[in-house]
Amino acid sequence: MPIFDKDNQPLGTEQALALHIESALAARPPRGAALETSYKIVKTLFDPVVLGEHKLPDKPCLFVGNHSLFALDGWVLGPIFLKELNRFVRGLGDKFLFTVAAIGDTLLRFGPVMGHPDVCAALMDAGEDLMVFPGGAHEAVKPTRQMYELQWKERYGFVKLAAKQGYTIMPFGVVGPDEFYAHLMEGEDIPHSSLGKLLRRAGLLDDNTRADMLPPIPRGALGTLFPRPQRCYIGFGNPVDLSEFKGRTPGKRQLQNIRQQVADEIDTQLGELLIARARNQGNEGLWRRFLTL
């Protein structure tokens, strides 16, 4: 079954779900050379700036933010959260990432888990930090015209989970990873292109393919597949404490208000981060300015 098939269910059995939860709970924060190397690469290439870290509560949170192209924000955020904020945040990934067992097992060892309600509840019961991008994989392959726009549709699952567990939602914005690559062709245009016809003949596209999951054709630094070293900015908004709802689910109007509050905080951060970047662009080194053209 193609990984983007609408009927793809990697945790479709009780046994698979139980094993996934067991592995998720057993994961430990990366340490040693692997962490130091990834942190050094991120600092060298993208030199992230963190703003608003003083707002972080001293308790487990559900971090909620905007998703970036190809989910490359995770590559940046993971080492920064561990090294600079001392937070081992468990990213909630789309089910297609766990379709191939070898890939799914590797992700689990480094922290990411499938965004399944039972998995999230188990991690919250254990007092873990979680991170979710409500726009999911759809937001991670959005066209250029929708850059830095939230693509949440009508999703309220993250609010329901946080409320029932009495968790605090920590809104944040990320600017930079959406621009690691330009788009030679938008994913939405692929099915009707010559490339799309070739993919259909090869059996990689069919009528059940999730069209919103098709990524754009990327162009990186100097026309290569190497990411452009766009400096990253990470900003934290005001936390949304949902402890009053512990053990119950908010009503529809409350869900809408909470979701809107979180979205507004993220949008505010994105605006402030874009302004901060614009003010700092004149201080960027020549090599960074050249490679991000």
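Now for a quick tour of the structure. Numbering of residues starts from 1 in each chain and follows the order in which that chain's sequence is written. Confidence filtering applies because this is a predicted model: local features only for residues at pLDDT of at least 70, side-chain atom pairs given and counted only at 80 or more, and all residues used for totals across whole chains, interfaces and linings. Note: side-chain values were computed over all heavy atoms of the structure, leaving out hydrogens and water.

Helices and strands together make up the secondary structure of the protein, namely 10 helices and 10 strands. Atoms counted for the radius of gyration: C-alpha only. Globule rule: 2.2 Å times residue count to the power 0.38. The C-alpha radius of gyration of the protein comes to 19 Å, within 12% of the 19 Å expected for a compact globule of 293 residues. By principal-axis analysis of the C-alpha atoms, the protein measures approximately 50 × 50 × 45 Å. By residue count, 49% of the 293 residues in the protein fall in the buried class. The secondary structure listing takes helices from DSSP runs of H or I that are at least 4 residues long and strands from runs of E that are at least 2 residues long, numbered from the N terminus. Accessibility here uses a 1.4 Å probe with only protein chains present; expressed as a share of the type maximum, an area under 20% marks a residue as buried, one over 50% as exposed, and anything in between as partly exposed.

Another aspect to go through is the pairing of strand β9 (residues 233-236). Judged by which residues are buried, β9 turns out to be covered on both faces: Tyr233 and Gly235 on one side and Ile234 and Phe236 on the other are all buried. Here three bridges tie strand β1 (residues 49-51) to β9, and the two strands are oriented parallel to one another. What sits directly across from Leu51, in β9, is Gly235. Here, strands pair whenever DSSP counts at least two bridges between them.

Grid spacing is 1 Å over the protein atoms alone, the probe is 1.4 Å, and a cavity is where that probe fits but cannot get out, while a pocket is an open set with protein on both sides within 12 Å along at least five of seven lines and lining residues have an atom within 4 Å of a point. Grid points are joined across faces, edges and corners, and a volume is the space filled by probe spheres set on the points. In total, this model carries one cavity of 30 Å³ or more according to the counting rule given. Empty space within the largest cavity amounts to approximately 30 Å³. What lines the largest cavity is simply Leu69, Lys142, Pro143, Thr144, Met147, Asp178 and His183. Charged residues are taken to be Asp, Glu, Lys and Arg, nonpolar residues to be Ala, Val, Leu, Ile, Met, Phe, Trp, Tyr, Cys and Pro, and polar residues to be all remaining types, Gly included. Across the lining of the largest cavity, the residue classes break down as three nonpolar, two polar and two charged.

Side-chain alternation along strand β5 (residues 129-132) places Asp129 and Met131 on one buried face and Leu130 and Val132 on a second face that is also buried. Relative to β5, strand β2 (residues 61-65) is paired through three bridges, and the arrangement is parallel. From the neighbouring strand, Val64 faces β5, where its bridge partner is Val132. With three bridges joining them, strand β3 (residues 89-93) and β5 adopt parallel strand pairing.

Summarising the element assignment, Glu53 is placed in the loop between β1 and β2. Measuring from C-alpha to C-alpha, the distance between Glu53 and Glu188 comes to 36 Å, with 135 residues separating the pair along the chain.

We now examine the pattern of salt bridges. Any two side chains of opposite charge can pair if their charged atoms end up close together. Just to be clear on terms, a salt bridge is a Lys or Arg side-chain nitrogen sitting within 4 Å of an Asp or Glu carboxyl oxygen. Scanning all chains against the criterion turns up 11 salt bridges. For the salt bridge of Arg277 with Glu179, the shortest nitrogen-to-oxygen distance reads 2.8 Å. With Arg277 in helix α9 (residues 252-280) and Glu179 in the loop between β6 (168-175) and β7 (182-185), the pair connects residues that are 98 residues apart, well separated along the chain. Of the two residues, Arg277 and Glu179, neither departs from the other in class, the shared state being buried. Here the salt bridges share partners, and the residues they tie into one network are Asp47, Arg231, Glu284 and Arg288.

So, on to helix α1 (residues 14-26). Expected helix span is taken as 1.5 Å per residue step, with the number of steps being one fewer than the number of residues. Here α1 contains 13 residues, and its C-alpha end-to-end distance of 18 Å stays within 8% of the 18 Å for a straight helix at 1.5 Å per residue. Here the buried face of α1 lies against β3, α4 (101-110), β4 (113-114) and α5 (117-125). Between two residues, a contact is recorded if the distance between any of their heavy atoms is within 4.5 Å.

Take it as geometry only, folks, not as evidence of what the structure does.
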